[in-house]
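Inside the fold
If you want the building blocks of each chain, they are given just below.
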Amino acid sequence: MAASASGVQLAQKCSISRSMLSRIERGTVSASVEMLDRIARGLDVPLSRFFADQADRIDFSFVPAGKGIVVDRISAVAGYRYELLGHLLSGNLFVEPYLVRLLPGAKPYTSFQHPGVKFVHLMSGQVRYRYGSRALEMQAGDSLLLEANALHGVEAIGQEPVCYLAVVFTIRN
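Cut-offs and rules
- Residues numbered from 1 in each chain as written.
- Predicted model: local features only at pLDDT ≥ 70, side-chain atom pairs only at ≥ 80, totals over all residues.
- Heavy atoms only, no water.
- Helix = DSSP H or I, 4+ residues; strand = E, 2+ residues; numbered from the N terminus.
- Buried < 20%, exposed > 50% of the residue type's maximum accessible area, 1.4 Å probe, protein only.
- Contact = heavy atoms within 4.5 Å.
- Patch = residues over 30% accessible without salt bridge, like charges linked within 9 Å, V, L, I, M, F, W, Y side chains within 5 Å.
- Areas by Shrake-Rupley, 256 points an atom, 1.4 Å probe, with all protein chains shown as cover.
- Salt bridge = Lys/Arg side-chain N within 4 Å of Asp/Glu carboxyl O.
- Pairing = 2+ DSSP bridges.
- Axes fitted to C-alpha atoms, helices over the stretch in contact; angles between N-to-C directions.
- Phe/Tyr/Trp six-rings, centres within 6.5 Å; stacked < 30°, edge-to-face > 60°.
- Lys NZ or Arg CZ within 6 Å of the ring centre and 35° of its normal.

1. Structural notes on the overall build of the protein chain
Scanning the protein chain from N- to C-terminus turns up four helices and 10 strands. Starting at the N terminus, the α and β elements of the protein chain follow one another as α-α-α-α-β-β-β-β-β-β-β-β-β-β. The 173 residues of the protein chain split such that 29% are buried. The long-range fraction of contacts in the protein chain, counting pairs at least 24 apart against all pairs at least 6 apart in sequence, stands at 58%.

2. Focus on a nonpolar patch on the surface
A contiguous nonpolar surface patch, about 380 Å² in accessible area, is contributed by F60, F62 and L88. With respect to the secondary-structure elements, L88 resides in the loop between strand 2 (80–84) and strand 3 (93–102).

3. A closer look at the sheet that holds strand 9 (residues 152–157)
One open sheet accounts for four strands, arranged 4-9-6-7; its pairing is antiparallel. Only two strands of the sheet have a single partner each, and these edge strands are strand 4 (109–112) and strand 7 (134–139). Shown here is a sheet whose adjacent strand axes are inclined to one another by a mean of 20 degrees, direction ignored. Where strand 6 (residues 126–131) and strand 9 come together, five bridges link them in antiparallel fashion. Its bridge partner being in strand 9, Y131 is matched across the sheet by H152.

4. A closer look at the packing of aromatic side chains
If you walk through the whole model with that rule in mind, you get three aromatic pairs. Put simply, the rings of Y80, Y109 and F112 pair up and form one aromatic cluster. Here the guanidinium or amino end of K118 rests over the ring plane of F112, the centre of that ring lying 4.9 Å away.

5. Brief notes about the pairing of strand 8 (residues 143–147)
Residue alternation in strand 8 divides its side chains into a buried set, L144 and L146, and an unburied set, S143, L145 and E147. Of the strand pairs in this sheet, strand 5 (residues 117–124) and strand 8 are connected by five bridges, and their pairing is antiparallel. Residue pairing in the sheet places K118 in a bridge with L146 of strand 8.

6. A word on the pattern of salt bridges
In total, this model carries six salt bridges according to the counting rule given. Here E34 and R38 are joined by a salt bridge, their closest N and O atoms 3.2 Å apart. Taken together, the positions of E34 and R38, both in helix 3 (residues 33–43) and four residues apart, correspond to about one turn of that helix. Its salt-bridge partner being E137, residue R128 comes within 3.6 Å of it at the nearest N-O pair. Of the residues examined, R128 reaches a relative accessible area of 30% and is grouped as partly exposed. Relative accessible area serves as the criterion here: at 58%, E137 is assigned to the exposed category. Overlapping salt bridges bring together R128, R130, E137 and E155 as one network.

Given below as C-alpha cells:
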C-alpha cells in the first residue's frame, strides 16, 4: 500500500499517470527522452542517471596515511597546511575532506566563507573557533557542523599542535 502511495506521489510530481509510470517500471513500454526527463526531475536526479550502468556511477577514493595532496595556501592562511584526503568524481554532491595542521607561527584566521556545509573535528590541540557571532572553545575530540556561508575559522590558538579534519560539502551545479 505504501509503495502504491509513493508511486502515485511520484507520478504526480512527474506529471505523468500512475499507470504509465508503472508500465515504465515494469519495462512493458519504452519511455521517451521527454518522459525520462520528467521522471528525473521528479526524482531530483540528472537525466544521465538513467543511461549509466550502476557500476559506472560508483566512485571512491583511497588515500594512504600521509599521502594526501598538499594544497598550498598563501597570505593570511599560509601557516595552515591543508592535505586533501580524497575526492569523488560522480554524483551531485561535491565533498572535500582535508586534514588541516596549524604549523608553528600560524595565525588565527576567522574570514573563511564559502557555499555549502562544513564539518570540523579537532583531532589535537585546543582552539577558540569563531562561527558568525559565536565563539566556541574546542579541544581534541570536539566536532562542529556549520553552514559555511557565515564567516568562520580559528579565532585563537590554545594548546598546540593543532590538527583537525575539515570536510566541506557542496552541491555541484
